[in-house]
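Secondary and tertiary structure notes
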Amino acid sequence: MQLQVARIGKPHGIRGEVTVQVLTDAPGDRFVPGTEFVVEPASVGPLTVHSARWNKDILLLAFEEIETRNEAETLRGAKLFIETEELEDNDDEGWYEHELVGLEARVGSQVVGKVSGLNTMPVQDLLVVKTPDGKEILIPFVEQIVPEVNVAEGYVLVTPPAGLFEINVEDAGAAAEAGEPDAGAPEPGAKA
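These remarks concern the structure in this document. (Residues numbered from 1 in each chain as written. Predicted model: local features only at pLDDT ≥ 70, side-chain atom pairs only at ≥ 80, totals over all residues. Heavy atoms only, no water.)

Helices and strands together make up the secondary structure of the protein chain, namely four helices and 12 strands. Here the analysis covers contacts within the protein chain between residues at least 6 apart in sequence; of these, 46% occur between residues at least 24 apart. Accessible surface, the protein chain: about 12,000 Å² in total, of which carbon and sulfur atoms supply 50%. (Helix = DSSP H or I, 4+ residues; strand = E, 2+ residues; numbered from the N terminus. Contact = heavy atoms within 4.5 Å. Areas by Shrake-Rupley, 256 points an atom, 1.4 Å probe, with all protein chains shown as cover.)

Here we come to the packing of aromatic side chains. In this structure the tally under the stated criterion is one aromatic pair. Ring centres of Phe-31 and Phe-37 lie 5.7 Å apart, and the angle between their planes is 40°; this geometry places the pair in the tilted category. Phe-37 gets classed as buried once you look at its relative accessible area, which sits at 0%. (Phe/Tyr/Trp six-rings, centres within 6.5 Å; stacked < 30°, edge-to-face > 60°. Buried < 20%, exposed > 50% of the residue type's maximum accessible area, 1.4 Å probe, protein only.)

Let us now look at the sheet that holds strand β7 (residues 104-107). Judged by pairing direction, the sheet is mixed, and its six strands sit side by side in the order β10-β9-β8-β7-β12-β11 without closing on themselves. Among the strands making up the open sheet, the edge pair consists of β10 (136-140) and β11 (148-150). Across the sheet, the mean angle separating the axes of adjacent strands is 35° when strand polarity is ignored. Bridge count between strand β9 (residues 126-130) and β10: five bridges; the pairing is antiparallel. (Pairing = 2+ DSSP bridges. Axes fitted to C-alpha atoms, helices over the stretch in contact; angles between N-to-C directions.)

What follows is about unusual backbone geometry. The omega torsion of the bond from Glu-40 to Pro-41 falls at 10°, within 30 degrees of zero and hence cis. Within the element layout of this structure, Pro-41 appears in the loop between β3 (36-40) and β4 (47-55). At Lys-56, a position not held by glycine, the phi torsion is positive, near 60°. When you line up the elements, Lys-56 lands in the loop between β4 and β5 (58-63). A residue is classified by how much of its surface remains accessible, and Lys-56, at 78% relative accessible area, is exposed.

Turning our attention to the pattern of salt bridges. Across all of its chains, the model carries five salt bridges by this definition. Between Arg-53 and Glu-17 there is a salt bridge, with the nearest N and O atoms lying 2.9 Å from each other. Here Arg-53, found in strand β4, pairs with Glu-17, found in strand β2 (residues 17-22); they are 36 residues apart in sequence, far enough to count as distant. By relative accessible area, which is 12% here, Glu-17 ends up buried. When the shortest N-O distance is used, the salt bridge between Glu-104 and Arg-106 registers 3.1 Å. Overall, Glu-104 belongs to the partly exposed group, its relative accessible area being 24%. Residue classification places Arg-106 among the partly exposed positions, given a relative accessible area of 24%. (Salt bridge = Lys/Arg side-chain N within 4 Å of Asp/Glu carboxyl O.)

In terms of residue burial, β5 counts as a mostly covered element, since five of its six residues are buried. With six bridges connecting them, β4 and β5 associate as antiparallel partners. Its bridge partner lying in β5, Ala-52 is registered against Leu-61. Joining the antiparallel neighbours β4 and β5 is a turn of two residues, in which Lys-56 adopts a positive phi near 60°.

Right, let's get into the environment of Ile-137. Looking at the secondary structure, you find Ile-137 in strand β10. Residues Ile-137 and Leu-127, spaced 10 residues apart in sequence, show a C-alpha to C-alpha distance of 8.0 Å.

Note: strand β1 (residues 2-12) against strand β6 (residues 79-83), five bridges, orientation antiparallel. Residue pairing in the sheet places Gln-4 in a bridge with Phe-81 of β6. Bridge count for β3 against β6 is three bridges, and the pairing is antiparallel. What sits directly across from Glu-40, in β6, is Lys-79.

Right, here's the structure in full:
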């Protein structure tokens, strides 16, 4: 099985470097010169790291196979993978996106949606949950809000703070329930 560790962004400079969205907790171990990645789409890979450096908080990679900005442009959006047999299974410190996608999101015993992704952010990760009506809710992936991840039984338990699932609901619906005029409607007696 393969594990995605990065997604390639835009080219940087004229020598074929690219920005990458890092999807691993150990970038210093994953992006060392000589590391070869399986790439999706396969037509642009495999790719071998020539150099890795940080520009502020953005990782820049150069690959042995890529020498120009035009070649780097063809990599935009490509996903970098490693083989997972080198990973330890006893790592209880975190979860990989492929382990979470497809799990039911439950509040108590009620299913409120399915996990459709994991956004890794500098401060905290966000679970992306798709509700039955097609909305996407971003849930901070912290122990206080997601106290249980049960891959074996296929669910994550969510204890959302008040209003978390209502954030994406239009304010007009809430205003109408409160007896207030629609925020987008003109005030009574106002000219439209």
